[in-house]
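# A closer look at the structure
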Amino acid sequence: MPDQLRLLLGEDVIAQRVAELGQKIARDYRSSSQVLFVGVLNGAFIFLADIVRQLDFPHAIDFLRVASYGASTETTGAVQIRKDLEISASDRHLVIIEDIVDTGLTLSFLLGHLAGSRPRSIEVCTLLDKPSRRQVDLVPKYVGFTIPNEFVVGYGMDYNEKYRHLAGIHVCVPDPTEGIRVP
Ligand code: IMP
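All right, on to the overall build of the protein chain then. Along the backbone of the protein chain there are three helices and nine strands. In sequence order, the protein chain lays out its α and β elements as β-α-β-α-β-β-β-α-β-β-β-β. What you see for the protein chain is a C-alpha radius of gyration of 16 Å, in line with the 16 Å of a compact globule of 183 residues. For the C-alpha atoms alone, the extent of the protein chain along its principal axes is close to 50 × 35 × 25 Å. Every one of the 183 residues in the protein chain was classed for burial, and the buried ones make up 48%. Sequence separation of 24 or more characterises 68% of the internal contacts of the protein chain that already satisfy a separation of 6 or more. When the accessible surface of the protein chain is summed, it comes to about 9,000 Å², and 51% of that surface belongs to carbon and sulfur atoms. Computed over 19 positive and 23 negative side-chain charges, the separation of the two mean positions in the protein chain equals 4 Å.

In structure tokens:
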């Protein structure tokens, strides 16, 4: 049985909202120096690329990677850094770029990890927010869309490494017969 996909947010709707968010970030950070955008791999790679092309001030970009879902659609809560920043976060204004905040456990771990480098400030920009699933008290400053509790793919986000290339964002109901891959 194939995975079932249903379009939730089309390409044009995403492009318009991402432009608004990027322009808001540009207004907020234009007069700051030492701004570092931190992309959380892999899911945020397309979102980050679209956000930074809205910016008209000098900034740095780096990425980190955390252990995440693997084939399951539920977080385990155990978060681990797989690739850390290569640019020092110390004394910089950090903007974390996430694809989606679900339980908030990943982000809460990342905020603690990055705070250890003593940045000047840290804010979070997420394309999608599922506040109904939150397990920690965490409100991202920049949110593209608030969505219901459904598993989504596309625009960088995957299920089992599939569907990252899709231009729109789709609700995905995975094939129940496909095996769960442990990362
Ligand atoms: P959290 O720790 O539960 O907030 O999960 C955050 C991470 O889980 C995100 O950065 C995504 O990588 C992944 N994730 C959560 N929900 C979804 C989803 O609906 N589709 C794809 N990935 C998701």
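Another aspect to go through is the site of the ligand. Near the ligand lie 16 residues; those nearest to it are Asp99, Thr103, Gly104, Thr106 and Val152. A distance of 3.5 Å is found between an oxygen atom of the ligand and a backbone nitrogen or oxygen belonging to Ile100. For the ligand, whose unbound accessible area comes to 490 Å², protein coverage reaches 94%. Elements that contribute at least two residues to the shell around the ligand include exactly β5 (93-101) and α3 (105-115). With four residues, the single largest contributor to the shell around the ligand is β5. Taken together, the residues of the shell around the ligand break down into six nonpolar, four polar and six charged.

Cut-off values and rules
Residues numbered from 1 in each chain as written. Predicted model: local features only at pLDDT ≥ 70, side-chain atom pairs only at ≥ 80, totals over all residues. Heavy atoms only, no water. Helix = DSSP H or I, 4+ residues; strand = E, 2+ residues; numbered from the N terminus. Rg over C-alpha atoms; globule rule 2.2 N^0.38 Å. Buried < 20%, exposed > 50% of the residue type's maximum accessible area, 1.4 Å probe, protein only. Contact = heavy atoms within 4.5 Å. Areas by Shrake-Rupley, 256 points an atom, 1.4 Å probe, with all protein chains shown as cover. Lys, Arg positive; Asp, Glu negative; His and termini not counted. Charge placed at Lys NZ, Arg CZ, Asp CG, Glu CD. Near = heavy atom within 4 Å. Polar contact = N/O pair within 3.5 Å; in protein donor to acceptor, adjacent residues only side chain to side chain. Nonpolar A, V, L, I, M, F, W, Y, C, P; charged D, E, K, R; others polar.

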